[in-house]
Amino acid sequence: MDMENIKANLTYMFPGVGSEYYGMGRALYNRYEKVKKIYHSAKEVVGIDFYELSFGKNKNKIKENACAQQALMCFCYSLFQVFQEEMHLSPDVMMGYSLGEYSALACAGKMKFKDALYVVNQRAKIIEEVAKDLDGTMVWVINIGWQKVENIVAELREGGEKLYVSAYEANEKVSVSGTNSSMKVLADVIEREQGMVIPVKMSGPFHSPLMKEAEIKLREILKDILFQPGNINVVANYNGEFYRDDRESIVVNLSGQLSNPILWYPSICQSRKGFQNIVVELGPKNVLQYIYKLSFQEDVCFSVESPKKIMEFKGKIEESSNRYRELVKKCMGLVVSFPNHCESE
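Residues numbered from 1 in each chain as written. Predicted model: local features only at pLDDT ≥ 70, side-chain atom pairs only at ≥ 80, totals over all residues. Heavy atoms only, no water.

A. Broad picture of the side chain of Glu 215. By the element assignment, Glu 215 lies in helix 9 (residues 212–222). There is a polar contact of 3.0 Å between the side chain of Glu 215 and the side chain of Lys 212. (Helix = DSSP H or I, 4+ residues; strand = E, 2+ residues; numbered from the N terminus. Polar contact = N/O pair within 3.5 Å; in protein donor to acceptor, adjacent residues only side chain to side chain.)

Encoded structure:
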């Protein structure tokens, strides 16, 4: 890929639930005092000891949906702060998958970290409360075009099944939410069509109309949160468009995300704006990098989650200064001033 003759957007991506794991962020926490301060301030907001949750004796606690959401956001925000301190980049766009959208908004300065974490805490409680009565789940559907999946889901729904496409991730990868009994029916049909259904460890039919009650409850929480203009564009899962700076836009996007499909592929297209992307996934594992590459092989993607990975990323830039000219221009650490939104300092 010749990057000398193109204009590139620099995009940060933040993962959602499913990427977390016990021990994530340990090296970051041990090395940076900044991270310790963020974890401490997070405990003051929601009453959770994130050190104990992430690195303590109970290795299974972080697997609980509510705990996973909050621990993941705390880690991703901390990672962003360290990454910016080391790299001094000026990203053009930020985006996050489902829960990751809160990380994107906090890192872009559109929400204060403490406010974003508080909303995530309340969101987790609301989701858990609503989902417990639904007997629902989610699956990935791959190796079959999204339009065909849409048609299959619509036909089954007309026949009485409770099924909804809940995420558009790539041409031949979508997520479907619904009741457990309906998922069995869907799997039979998809397999007959030469597709594949992969179960996802989710405790409810998220991002579907079955979660409408959760959307309504979250909207009430969001009405009391202070939002502020940020200097970085953030793409909304709800509509695949950049956030506006008005309160109603943010309330509608974040609450609507719960009962509507994640428009991830359209969001990626919005982040590219006709140009190739340089993408940095900030968070545990590399799920978003994998999904991204399903559609845009030509773009440059990195996954960063540890001090080692940050240093490797910095080394690649220094070694490839000619090839990655656009990125190097964004790395003028002594010239570019990037605001620090960490309230713990």
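B. Here's a closer look at the layout of surface pockets. Counted as a void, the largest pocket has a volume near 890 Å³. Lining the largest pocket are 40 residues; nearest its centre among them are Val 17, Gly 18, Ser 19, Lys 201 and Met 202. Listing elements by their share of the lining of the largest pocket, those giving two or more residues are helix 4 (65–87), helix 6 (113–131), strand 3 (136–142), strand 4 (163–170), strand 6 (196–200) and helix 12 (287–295). Of the residues assigned to the lining of the largest pocket, the class counts are 22 nonpolar, 10 polar and 8 charged. (1 Å grid on protein atoms, 1.4 Å probe; cavity = no way out; pocket = protein on both sides within 12 Å on 5 of 7 lines; lining within 4 Å. Points joined across faces, edges and corners; volume = space filled by probe spheres on them. Nonpolar A, V, L, I, M, F, W, Y, C, P; charged D, E, K, R; others polar.)

C. Spatial organisation of the sheet that holds strand 8 (residues 262–263). Overall, mixed pairing links the 5 strands, which are arranged 6-3-5-4-8 in an open sheet. Strands at the two margins of the open sheet, each flanked by one partner only, are strand 6 and strand 8. Pairing analysis gives 2 bridges linking strand 4 to strand 8, with the strands arranged parallel. Looking at strand 8, one finds that Ala 167 is bridged to Ile 262. Across the sheet, helix 7 (residues 146–158) is in contact with strand 3, strand 4 and strand 5 (173–179); its angle to strand 4 comes to roughly 175°. Sitting on the sheet, helix 12 is in contact with strand 4 and strand 5, with an inclination near 80° to strand 4. (Pairing = 2+ DSSP bridges. Contact = heavy atoms within 4.5 Å. Axes fitted to C-alpha atoms, helices over the stretch in contact; angles between N-to-C directions.)

D. Geometry of the pairing of strand 4. With 7 of 8 residues buried, strand 4 is to be regarded as a mostly interior element. Here strand 4 hands over to strand 5 after 2 residues, the two strands then running antiparallel side by side. (Buried < 20%, exposed > 50% of the residue type's maximum accessible area, 1.4 Å probe, protein only.)

E. Highlighting the packing of aromatic side chains. Taken as a whole and judged by the stated rule, the model has 14 aromatic pairs. Measuring from ring centre to ring centre gives 5.3 Å for Tyr 29 and Tyr 39, while their planes differ by 65°; the resulting arrangement is edge-to-face. Of this pair, Tyr 29 sits in helix 1 (residues 26–31) while Tyr 39 is found in helix 2 (residues 33–46), placing the two residues 10 residues apart along the sequence. By relative accessible area, Tyr 29 is classed as buried at 14%. One aromatic cluster in this structure is built from Tyr 12, Phe 80, Phe 83, Phe 302 and Phe 313. Stacked on the ring of Tyr 29, the Lys or Arg Lys 36 has its end atom at 5.2 Å from the ring centre. (Phe/Tyr/Trp six-rings, centres within 6.5 Å; stacked < 30°, edge-to-face > 60°. Lys NZ or Arg CZ within 6 Å of the ring centre and 35° of its normal.)

F. Examining the nonpolar core more closely. Residues Tyr 12, Phe 14, Phe 50, Phe 83, Met 94, Leu 282 and Phe 313 are the most contacted members of the largest nonpolar core, which totals 76 residues. Broken down by element, this core gets its largest block of residues, 13 residues, from helix 4. Within the second largest apolar cluster, 19 residues are counted, among which are Val 141, Leu 163, Leu 186 and Leu 263. (Core = buried A, V, L, I, M, F, W, Y, C linked by side-chain atoms within 4.5 Å.)

G. Quick peek at the confidence of the model for the protein. Considering every residue of the protein, the mean pLDDT works out to 90; 90% of them sit at 70 or more. Below pLDDT 50 for its whole length, residues 1–6 participates in 15 contacts with residues either more than four positions away or in separate chains. (pLDDT = per-residue confidence, 0-100.)

H. Main features of the side chain of Ser 182. Along the chain, Ser 182 falls in helix 8 (residues 180–192). Its relative accessible area of 2% is what places Ser 182 among the buried residues. There is a polar contact of 2.6 Å between the side chain of Ser 182 and the side chain of Glu 161. For Ser 182, the side chain forms a polar contact with the side chain of Thr 179, separated by 2.9 Å.

I. Layout of helix 13 (residues 307–319). End to end, helix 13 covers 18 Å across 13 residues, agreeing with the expected 18 Å (1.5 Å per residue, within 8%). The complete set of buried residues in helix 13 reads Pro 307, Ile 310, Phe 313, Gly 315 and Ile 317. (Expected span 1.5 Å × (residues − 1).)

J. Examining the pattern of salt bridges more closely. Under the definition given, this model contains 16 salt bridges. Here Asp 49 and Lys 43 are joined by a salt bridge, their closest N and O atoms 3.9 Å apart. By relative accessible area, Asp 49 is classed as partly exposed at 33%. Connected through shared salt-bridge partners, Glu 129, Glu 213 and Lys 217 make up one network. (Salt bridge = Lys/Arg side-chain N within 4 Å of Asp/Glu carboxyl O.)

K. Local environment of the packing of helix 4 against helix 5 (residues 100–107). Helix 5 packs onto helix 4 with a crossing angle of 35° between their chain directions and a minimal axis gap of 9 Å. As helix 4 packs across helix 5, the resulting crossing turns out to be right-handed. Contact residues: helix 4 offers Met 73, Cys 76, Tyr 77 and Phe 80, while helix 5 offers Tyr 102, Ser 103, Ala 106 and Cys 107. When its residues are assigned to classes, the contact of helix 4 with helix 5 shows 7 nonpolar, 1 polar and no charged. (Left-handed = near helix turned anticlockwise from the far one by under 90°.)

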